[in-house]
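Working through the structure, step by step
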Amino acid sequence: MLNTWQEWVGTETGVVLGSVLGLPLAILAVVLLALFRKAPKRLALADVGMVYGTLPWVWIIMLPGAEPGTTGEVSLVPFADIADLLQHDDWGQIVGNMLVFAALGCFAPLRFAKLQNVGRVFVFAVACSASLEVLQFVLMLDRVSSVDDVLLNATGAALASLLSWYWWRPSHTTNERHLVAV
């Protein structure tokens, strides 16, 4: 039984299934936070959206490779992996990397006043992504730790922050007292 559990939890299929099954809990969390906090309702959505939209992607990139317990590759040459992916027409990998911190980039500026700037979102995502790439290496997950993954993750977060710009733009948030200053 434990082996079957590990097969589901330790696979992309398991992550997708866990995300789908977790959706009702995420919706419930938004409703409860909106009801019981004195903050604007959109902040409840931002809080849950950051976590629910980012956690499954982080779960996927922290799954061990084929030989866990061995050190994976390190790629420190910027744009080398991206060029290779483009050469092999592997858009799924590029888009997937851009989605890792997209929810964080979209919702963090709604929640944290100091992240109401696309450049700051980019830098924050670089720090988060670089931390995960280092963890992949240190935990010997047999994954490629790549500077290009960091660049794609951060670019995705910055682009996603532009999608939510209407709700966090300076003229829209000047009267909000509930934003958290980081």
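Being a predicted model, the structure only gives us computed values, none of them experimental. (Residues numbered from 1 in each chain as written. Predicted model: local features only at pLDDT ≥ 70, side-chain atom pairs only at ≥ 80, totals over all residues. Heavy atoms only, no water.)

Next up on the list: the overall build of the protein chain. Along the backbone of the protein chain there are 10 helices and 2 strands. Going from N to C terminus, the protein chain has its helices and strands arranged as α-α-α-β-α-α-α-α-β-α-α-α. Relative to its full complement of 182 residues, the protein chain shows a buried share of 37%. In the protein chain, the share of contacts with a sequence separation of at least 24, taken over all contacts with a separation of at least 6, comes to 79%. Only carbon and sulfur atoms are counted for the fraction: they give 71% of the accessible area of the protein chain, which is about 10,800 Å². (Helix = DSSP H or I, 4+ residues; strand = E, 2+ residues; numbered from the N terminus. Buried < 20%, exposed > 50% of the residue type's maximum accessible area, 1.4 Å probe, protein only. Contact = heavy atoms within 4.5 Å. Areas by Shrake-Rupley, 256 points an atom, 1.4 Å probe, with all protein chains shown as cover.)

Let's shift gears to the layout of surface pockets. There is about 450 Å³ of room inside the largest pocket. Sorting the residues of the lining of the largest pocket by element identifies α3 (41-61), α4 (80-87), α5 (91-99), α7 (118-138) and α8 (147-163) as the ones contributing at least two each. Of the residues in the lining of the largest pocket, the class split is 8 nonpolar, 6 polar and 7 charged. (1 Å grid on protein atoms, 1.4 Å probe; cavity = no way out; pocket = protein on both sides within 12 Å on 5 of 7 lines; lining within 4 Å. Points joined across faces, edges and corners; volume = space filled by probe spheres on them. Nonpolar A, V, L, I, M, F, W, Y, C, P; charged D, E, K, R; others polar.)

It is worth spelling out the pattern of salt bridges at this point. Under the definition given, this model contains 2 salt bridges. Close ionic contact of Asp-47 with Arg-37 constitutes a salt bridge, the shortest N to O distance being 2.6 Å. With a gap of 10 residues between them, Asp-47 in helix α3 and Arg-37 in the loop between α2 (12-36) and α3 connect regions that are remote in the sequence. Put simply, Asp-47 and Arg-111 hold a salt bridge, and the shortest N to O gap is 2.6 Å. Residue Asp-47 is found in helix α3, and its partner Arg-111 is found in helix α6 (residues 102-111); the two are separated by 64 residues along the sequence. For Asp-47, a relative accessible area of 17% corresponds to the buried category. Overall, the relative accessible area of 12% leaves Arg-111 in the buried class. (Salt bridge = Lys/Arg side-chain N within 4 Å of Asp/Glu carboxyl O.)

Applying the stated criterion across every chain yields a total of 1 aromatic pair. Measuring from centroid to centroid gives 5.3 Å for Tyr-166 and Trp-167, while their planes differ by 90°, and the two rings are edge-to-face. Tyr-166 gets classed as partly exposed once you look at its relative accessible area, which sits at 46%. The positively charged end of Arg-169 is found above the aromatic ring belonging to Tyr-166, 4.2 Å away from the centroid. (Phe/Tyr/Trp six-rings, centres within 6.5 Å; stacked < 30°, edge-to-face > 60°. Lys NZ or Arg CZ within 6 Å of the ring centre and 35° of its normal.)

Grouped together as the largest cluster of nonpolar side chains are 23 residues, with contacts concentrated most on Met-62, Phe-101, Phe-107 and Leu-132. If you tally residues by element for this core, the top one is α6, at 7 residues. Ignoring anything within four residues of it in the chain, the contact list for Leu-132 reads Val-58, Ile-61, Met-62 and Phe-101. Of all hydrophobic cores here, the second largest spans 5 residues; its members include Ala-26, Ala-34, Ala-44 and Val-48. (Core = buried A, V, L, I, M, F, W, Y, C linked by side-chain atoms within 4.5 Å.)

Running from N to C, α2 and α3 cross one another at 165°; their axes reach a closest spacing of 9 Å. In terms of axis orientation, α2 runs roughly antiparallel to α3. Two packed elements cross with a definite hand, and for α2 against α3 that hand is right-handed. Contacts between α2 and α3 involve Glu-12, Gly-14, Val-15, Ser-19, Val-20, Gly-22, Leu-23, Ala-26, Ala-29, Val-30, Leu-33 and Ala-34 on the former and, on the latter, Lys-41, Ala-44, Leu-45, Asp-47, Val-48, Tyr-52, Pro-56, Trp-59 and Ile-60. (Axes fitted to C-alpha atoms, helices over the stretch in contact; angles between N-to-C directions. Parallel < 35°, antiparallel > 145°, perpendicular 65-115°, else oblique. Left-handed = near helix turned anticlockwise from the far one by under 90°.)

At a minimum axis separation of 8 Å, α7 and α8 run at an interaxial angle of 145°. As α7 packs across α8, the resulting crossing turns out to be right-handed. The residues of α8 that touch α7, namely those facing Val-118, Val-121, Phe-122, Ala-125, Val-126, Ser-129, Ala-130 and Glu-133, are Asp-149, Val-150, Leu-151, Asn-153, Ala-154, Thr-155, Ala-157, Ala-158, Ser-161 and Leu-162. In terms of residue class, the contact of α7 with α8 is built from 12 nonpolar, 4 polar and 2 charged.

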